[in-house]
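Coordinate inspection notes
What follows is the residue order along each chain.
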Amino acid sequence: MTTGTSQGIEQRRVLRTEIPGPRSRELHARKVAAVASGVGTTLPAYVVRAGGGIVVDVDDNHLIDFGSGIAVTNVGNSAPRVVDAVRAQVEDFTHTCFMITPYEGYVAVAERLNQLTPGDFEKRTALFNSGAEAVENAVKIARHHTGRSAVVAFDHAYHGRTNLTMALTAKNMPYKQGFGPFAGEVYRVPMAYPYRWPSGSATCADEAFEAFTTTVRVQVGSDNVAAVIVEPIQGEGGFIVPAPGFLQRVADWCTAEGILLIADEIQTGFCRTGDWFASTHEGFVPDLITTAKGIAGGLPLAAVTGRAELMDSVHVGGLGGTYGGNPIACAAALAAIDTMQADDLCGTARRIESIMRPRLAALAAKYDQVGEVRGRGAMLAIEFAEPNSALASAVSAACHRTGLITLTAGTFGNVLRFLPPLVIGQDLLTEGLDILDAAFEEVL
Ligand SMILES: *Cc1c(COP(=O)(O)O)cnc(C)c1O
């Protein structure tokens, strides 16, 4: 883990003004006048530089980053290998459209993903621009291959903001309110969410599995279902780790019923949970896997990777898009993956957990309002017992004022989630946790 400086940025918190400072407030006034208000900002400190675990704003405040731009900058901002690769690629060529005149970078990213994703079988990959677009395409492939139309998603799921992915996403506000009608043939089943399971965590996996199979058999009809889509650890839903064994049973049952299982690893992928992909921890092998966020060190890229016979069942020209697998994004992805391998960032995510989890557990022990600490690797969360956003919002706001970037999540908005860049230094991680302690002290 990095200490000292990273990309020339000193790795410690520096507060020169209140947060946001005067220059940020000026820019924010321009934002309000120019940018659609539907595009919100969590912490309107306007950024000029970032690296390691620090984000520097226009007022020269150094903020500690526990968000990674929502699990994107796993290798850090402007990671050296990514910068070099992007610079070289941008000088060679920026776009040809892979569907017109192809290039090696796209093929190399596909090869790497086929190798790194779970499953000991032949795979193929197709590249896209965003997570939502990858999910859309995974569903297209599953429908085309099976000749079935229904898709089953879980309570608390988040799969994106396009029309089909809004339908797959569970939470109404802010993602769906007023944006319907949504895509059809989407069905929802309970998630095995141990902390809030009505009869308790011990019965959660069995009862959730029973509810899942009953709904699919009775309400939808197994023969009509193309795919079940699931996040192996739910992201926006509040870092819900499914009850042990649940996903493996779902996977086995899907196989028996001829239903494809899509793992949405857009937030959990690329060393975030201490392994390349979280499906591995949960003990199942998906047929199709969607990736994005952490894939390319901050450049927009997404992928669907899956069994060769499924992926290749689509007619030529059936998949694609103008920008999908852009050469600069591909160069960045290859460099980001090299970085994760060379610097063992999966090991680093586990080390981050070993430092953070005891500190979060100490908060849970001290404050009755904390319901649960959970997650895996460098994807950890605190859920407040009260199912409303008051405490999470207040603690998060206190963190922001004191220079720590934190995010909230959860169906009830009552989860504080922590996603530090995997290259954050140990001192900075500890300093961030001290700020969190102080925020709890202030608010609770
Ligand atoms: C962020 C996210 C998406 C959507 O990705 P975008 O790039 O924002 O379209 C889909 N699924 C999961 C699990 C996510 O976390």
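This text follows the structure it describes.
Below is a short write-up of the structure.

Thresholds, definitions, all that
Residues numbered from 1 in each chain as written. Predicted model: local features only at pLDDT ≥ 70, side-chain atom pairs only at ≥ 80, totals over all residues. Heavy atoms only, no water. Pairing = 2+ DSSP bridges. Helix = DSSP H or I, 4+ residues; strand = E, 2+ residues; numbered from the N terminus. Axes fitted to C-alpha atoms, helices over the stretch in contact; angles between N-to-C directions. Near = heavy atom within 4 Å. Polar contact = N/O pair within 3.5 Å; in protein donor to acceptor, adjacent residues only side chain to side chain. Areas by Shrake-Rupley, 256 points an atom, 1.4 Å probe, with all protein chains shown as cover. Nonpolar A, V, L, I, M, F, W, Y, C, P; charged D, E, K, R; others polar. Parallel < 35°, antiparallel > 145°, perpendicular 65-115°, else oblique. Left-handed = near helix turned anticlockwise from the far one by under 90°. Contact = heavy atoms within 4.5 Å. Core = buried A, V, L, I, M, F, W, Y, C linked by side-chain atoms within 4.5 Å. Buried < 20%, exposed > 50% of the residue type's maximum accessible area, 1.4 Å probe, protein only. Domains from an automatic or database assignment.

**Quick look at the sheet that holds strand β14 (residues 379–384)**
The strand order across the open sheet formed by 4 strands is β13-β14-β17-β16, and the pairing between neighbours is antiparallel. Bordering the open sheet on either side are β13 (370–376) and β16 (407–409), each of which pairs with just one other strand. Strand-to-strand twist across the sheet, computed as the mean angle between neighbouring axes with direction ignored, equals 25 degrees. Taken together, the 3 bridges between β16 and strand β17 (residues 415–418) define a ladder with antiparallel strand orientation.

**Some points on the site of the ligand**
In the vicinity of the ligand, the residues found are S130, G131, A132, Y158, H159, E231, D264, I266, Q267 and K293. At 2.8 Å from an oxygen atom of the ligand is found a main-chain nitrogen or oxygen belonging to G131. Contacts to the ligand include Y158, whose backbone N or O atom sits 3.4 Å from a nitrogen atom. Burial of the ligand by the protein amounts to 82% of the accessible area it has alone, namely 380 Å². Its residues assigned to classes, the shell around the ligand shows 3 nonpolar, 4 polar and 3 charged.

**Side note on the packing of helix α12 (residues 345–366) against helix α14 (residues 426–443)**
For the pair α12 and α14, the least separation of the axes is 11 Å and the interaxial angle reads 10 degrees. For the element pair α12 / α14, the angle class is roughly parallel. Considering only the axes of α12 and α14, their crossing is right-handed. When α12 is examined against α14, the residues I352, I355, M356, R359, L360, L363 and K366 are found in contact with a partner set consisting of Q426, L429, T430, L433, D434, L436, D437, F440 and E441. In terms of residue class, the contact of α12 with α14 is made up of 9 nonpolar, 2 polar and 5 charged.

**Quick word on the nonpolar core**
Counting 90 residues, the largest nonpolar core has F66, W276, L301, L360, I382, L436 and F440 as the members making the most contacts within it. By residue number, the principal contributor to this core is helix α11 (residues 327–342), which donates 9 residues. Here this core spans two domains, since at least three of its residues come from each of domain 1 (5–65 + 345–443) and domain 2 (81–342). Residue contacts for L360: discarding those within four places in its chain leaves V373, L380, I382, F418, L433 and L436. Among the nonpolar cores identified, the runner-up in size contains 30 residues, and V230, F246, V250 and L261 belong to it.

None of the figures reported here should be taken as evidence of function without further support.
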